[in-house]
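# Results of the structural survey
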Amino acid sequence: MNRGTDGKRRSVTIHDVAREAGVSRGTVSRVLNGGHYVSPSAQAAVNAAIRRTGYVVNRHARSLITGKSDSVAFLLTEPQERFFEDPNFNVLLRACTQALAAQDIPLLLMIAGTEAERRRNLRYIRAGHVDGVLLVSSHSGDPVGSELDAAGVPVVACGKPLGQKAKVGYVAADDRDGARSMVRHLYESGRRRIATVTGPPDTPGGIDRLAGYRDVLAECGLPVDESLIVAGDYSRASGETAADLLLERAPDVDAVFVASDLMAHGVLNALTRAGRRVPDDVAVGGFDDSPAALSTRPALTTVRQPWERISSEMVRMLLGRIKGDDPAAVILPTELVRRESA
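Here is a short report on the structure shown in this document. This structure is a prediction, so every number in the text was calculated from the model and none was measured.

### Some words on the overall build of the protein
Per the secondary structure count, the protein includes 14 helices and 14 strands. In terms of principal-axis extent, the alpha carbons of the protein reach across some 85 × 40 × 35 Å. Expressed as a percentage of the 342 residues in the protein, the buried residues total 53%. Taking as baseline every contact in the protein between residues at least 6 positions apart, the subset at least 24 positions apart corresponds to 68%. When the accessible surface of the protein is totalled, it reaches about 16000 Å², and 51% of it is carbon and sulfur.

Here's what the structure looks like:
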């Protein structure tokens, strides 16, 4: 802030930056809009002047000139309570925020867990208030990705979009291979009655992690017992309910591969209540390596999703889409993390 002739504090303007840098106002404007047709020395002088004066870009004014908002939405199409319960969403949001902050781009959190919320958020996005969308929408048949694409809004999804008519770019972990590594670990530790608590069957994680489970049973010559497969919804409560059902169906179960850490937390609660020791009587493996994996007792053996890389790739791809790049897909490897539960 500077002081005017009346002694009052006033905001630093682009003219102040130009005067401080010894360049024209147009040169400052070009630096602020990407640095095109500006010499390295002039760009360095402008950036130094911005730091010295404390100049802050007026994004509203710039959007009127460029036709862009210079902001991005993080759109979660899950109920609000899922955002607060599932630590994965918070990890992903924080990492995306940090990746965008490096580009000086603010991130807007939008939750569309109901039809009314979906309509309201889509109306806001279509109005041009954001330049693109990082979409966290995993359920098959969710129309949001296709609707955004049809409206010409650049979008990149977290996880493989299911049932999308449009070609939407996405970044995902290799769910199937991650599941294989966990089930193979359980088998190699001597377990033979290996059950699984899957994710919802209309999600990519629900489909691919179950496929990985089936792959390893077939490789190891173990029969697929459908009574050892129970679906959850990625919540802690669904994991607890699934474990109760598995113990009722198969009291001799000696291992459980759970398709999320949060559900694994519920499985551990149910096993403790039933008097089963972990890992002595029943080994338990999760998926995600979220903060929930470290809060369990015993600490959870799990499959690590590379959240930092997922976030940075989503941001990189979305910024490319905003510039006109074609949609693309990135599949990232997972890692088995051995702890006390298996």
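### Examining the pairing of strand β3 (residues 72-76)
Burial analysis of β3 places 5 of its 5 residues in the buried class, which makes it a mostly covered element. The alternating pattern of β3 places V72, F74 and L76 and A73 and L75 on opposite faces, both of which are buried. With 5 bridges connecting them, β3 and strand β4 (residues 107-111) associate as parallel partners. If you follow A73 over to β4, its bridge partner there is L108. Looking at chain direction, β3 and strand β5 (residues 132-136) are connected through 5 bridges and run parallel. Residue L76 lies in a different strand from β5, and its bridge partner there is V136.

### Some remarks on the pairing of strand β7 (residues 169-173)
By the criterion of burial, β7 is predominantly enclosed, with 5 of the 5 residues buried. Along β7, one buried face is formed by G169, V171 and A173 and the opposite face, lined by Y170 and A172, is buried too. In terms of strand pairing, strand β6 (residues 155-158) meets β7 through 3 bridges, oriented parallel. The residue of β7 that forms the bridge with V156 is G169. Direction of pairing for β7 relative to strand β13 (residues 329-332): parallel, over a ladder of 4 bridges. If you follow V171 over to β13, its bridge partner there is V330.

### Some remarks on the sheet that holds β3
Here 6 strands make up an open sheet; going across it, the order is β4-β3-β5-β6-β7-β13 and the pairing parallel. Of all strands in the sheet, those bounded by a partner on one side alone are β4 and β13. The average angle at which neighbouring strand axes cross in this sheet is 20°, direction not considered. Along the sheet face, helix α6 (residues 87-101) touches β3, β4, β5 and β6 and points at about 170° away from the line of β3.

### Notes on the side chain of T334
Looking at where T334 falls in the secondary structure, it is placed in the loop between β13 and β14 (335-337). Among residues more than four places away in sequence, those in contact with T334 are A173, D174, D177, G178, F287, V303 and R304.

### Regarding the sheet that holds strand β8 (residues 194-198)
Strands sit in the order β9-β8-β10-β11 across an open sheet of 4 strands; the sheet is parallel. Each edge of the sheet is formed by a strand with only one pairing partner; in this case those strands are β9 (229-231) and β11 (283-285). The average undirected angle you get between the axes of adjacent strands in this sheet is 15°. Both β8 and β9 contribute to a ladder of 3 bridges, which runs parallel. Bridge pairing in β9 places V197 opposite V230. Taken strand by strand, helix α9 (residues 175-188) contacts β8, β10 (255-258) and β11, and its axis lies near 170° from that of β10. This element, helix α10 (residues 204-219), spans β8, β9 and β10 of the sheet and lies at about 170° to β8.

### As for the nonpolar core
Grouped together as the largest cluster of nonpolar side chains are 42 residues, with contacts concentrated most on V197, Y213, V256, F257, V258 and V284. For this core, the secondary structure elements donating two or more residues are α9, β8, α10, β9, α11 (236-249), β10, α12 (261-273) and β11. Here this core gets 6 residues from one element, more than from any other, and that element is α12. Those residues in contact with V256, other than ones at most four positions away along the chain, are L186, A195, T196, V197, L246, V282, A283, V284 and G285.

Parameters and conventions
Residues numbered from 1 in each chain as written. Predicted model: local features only at pLDDT ≥ 70, side-chain atom pairs only at ≥ 80, totals over all residues. Heavy atoms only, no water. Helix = DSSP H or I, 4+ residues; strand = E, 2+ residues; numbered from the N terminus. Buried < 20%, exposed > 50% of the residue type's maximum accessible area, 1.4 Å probe, protein only. Contact = heavy atoms within 4.5 Å. Areas by Shrake-Rupley, 256 points an atom, 1.4 Å probe, with all protein chains shown as cover. Pairing = 2+ DSSP bridges. Axes fitted to C-alpha atoms, helices over the stretch in contact; angles between N-to-C directions. Core = buried A, V, L, I, M, F, W, Y, C linked by side-chain atoms within 4.5 Å.

These figures capture arrangement, not role.
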